[in-house]
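# Inside the fold
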Amino acid sequence: MKQESNELFKNATLEEIIQPIVAELKNRNESPFWSDKVEPFTKAVLSVLIPLRDQDLLFNPEGRYEKELTPELFFRWCDFVSLKMLAFTLEYSNEAKKLVRTKLDEEKILKYQTVDISELATYLAKYSVNMENEALDFPIANYNLHLGVTNVIKSLL
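It should be emphasised that the depicted structure is a prediction, and the values quoted were computed from it without experimental measurement. Numbering of residues begins from 1 in every chain and follows the order in which that chain's sequence is written. In keeping with the predicted nature of the model, local features appear solely for residues at pLDDT of at least 70, side-chain atom pairs appear and are counted solely at 80 or more, and the whole-chain, interface and lining totals rest on all residues. Excluding hydrogens and water, the side-chain values take into account all heavy atoms of the structure.

A tally of helices and strands in the chain yields eight helices and zero strands. We count a stretch as a helix when DSSP gives it H or I for four or more residues in a row; a strand needs E for two or more, and each element gets its number in order from the N terminus. Going from N to C terminus, the chain has its helices and strands arranged as α-α-α-α-α-α-α-α. Compactness check: the chain gives a C-alpha radius of gyration of 15 Å against a globular reference of 15 Å for 157 residues, within 12% of the reference. Along the three orthogonal principal directions, the C-alpha set of the chain runs to about 45 × 35 × 20 Å. Evaluated residue by residue, the chain yields a buried proportion of 50% over its 157 residues. The atom set for the radius of gyration is the C-alpha atoms, and the globule formula is 2.2 Å times the number of residues raised to the power 0.38. Any residue under 20% of the maximum accessible area for its type is buried, any over 50% is exposed, and the rest in between are partly exposed; the area is computed with a 1.4 Å probe on protein chains only.

A separate point is the packing of aromatic side chains. When two rings of Phe, Tyr or Trp (its six-membered ring) have centres within 6.5 Å they constitute a pair, described as stacked for plane angles under 30 degrees, edge-to-face for angles over 60, and tilted for the intermediate range. Taken as a whole and assessed by the stated rule, the structure comprises nine aromatic pairs. With 4.9 Å between their ring centres and 85 degrees between their planes, phenylalanine 33 and tryptophan 34 make a pair best called edge-to-face. Look at phenylalanine 33 and you get partly exposed, because its relative accessible area is 45%. When the centroid spacing of 5.6 Å and the interplanar angle of 85 degrees are considered together, the rings of phenylalanine 59 and tryptophan 77 count as edge-to-face. Of this pair, phenylalanine 59 sits in the loop between helix 3 (32-54) and helix 4 (71-78) while tryptophan 77 sits in helix 4, placing them 18 residues apart in sequence. In this structure, phenylalanine 59 and tryptophan 77 share a single accessibility class: buried.

Our next topic: the nonpolar core. Within the largest apolar cluster, 53 residues are counted, with the highest numbers of intra-cluster contacts made by Phe41, Leu46, Leu52, Phe74, Leu86 and Leu90. When residues of this core are traced back to their parent elements, those giving at least two are helix 1 (2-11), helix 2 (14-28), helix 3, helix 4, helix 5 (80-96), helix 7 (118-126) and helix 8 (140-156). With nine residues, the top contributor of residues to this core is helix 3. In this structure, phenylalanine 41 is in contact with Cys78, Phe80, Leu83, Tyr123, His146, Val149, Thr150 and Ile153, ignoring residues within four places of it in sequence. In this description, a nonpolar core means a group of buried Ala, Val, Leu, Ile, Met, Phe, Trp, Tyr and Cys residues linked to one another through side-chain atoms lying within 4.5 Å. Whether two residues are in contact is decided by their heavy atoms, any of which lying within 4.5 Å being enough.

Once that is clear, we can look at the side chain of arginine 53. In this structure, arginine 53 sits in helix 3. Accessibility expressed as a relative area gives 13% for arginine 53, which makes it buried. Here the side chain of arginine 53 touches aspartate 54 through a polar contact of 2.9 Å, side chain to side chain. Each polar contact in these results corresponds to two N or O atoms within 3.5 Å; when the atoms are within protein, one needs to be able to donate a hydrogen and the other to accept it, and residues that are neighboring in sequence are counted only if both atoms are side-chain atoms.

Take a look at the structure:
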């Protein structure tokens, strides 16, 4: 599914990416503990990466421009600390009406259009990420849990 995954991440909609992941998950007969977490987590992450892809404003956790949405970039953002940072970066960008906290050039950041972070924020809040105060930490158990979920997703792609 590797080549298919690369093509899907480059151009497909959220549902077109999620559908084969969920189908593969069902074929694998994965434990419900993991399978119940894969789809909501994947949707939450992609709910913000796809709009950034469509605006040609993708960046990695270091703030550098990325030309394409790939499974590798998706996995970089699956790191729970990075994902929290992404949520706050987009929240601040929505307020500023330009992309902030990145190393993208000025011309690009001014083209930023508001990204709906509600799905991601709701997901993060469910796992004890305080969306009001970026400085507050979340339980390490939630970080470790998402390492496991990410590994299951990697095995599917």
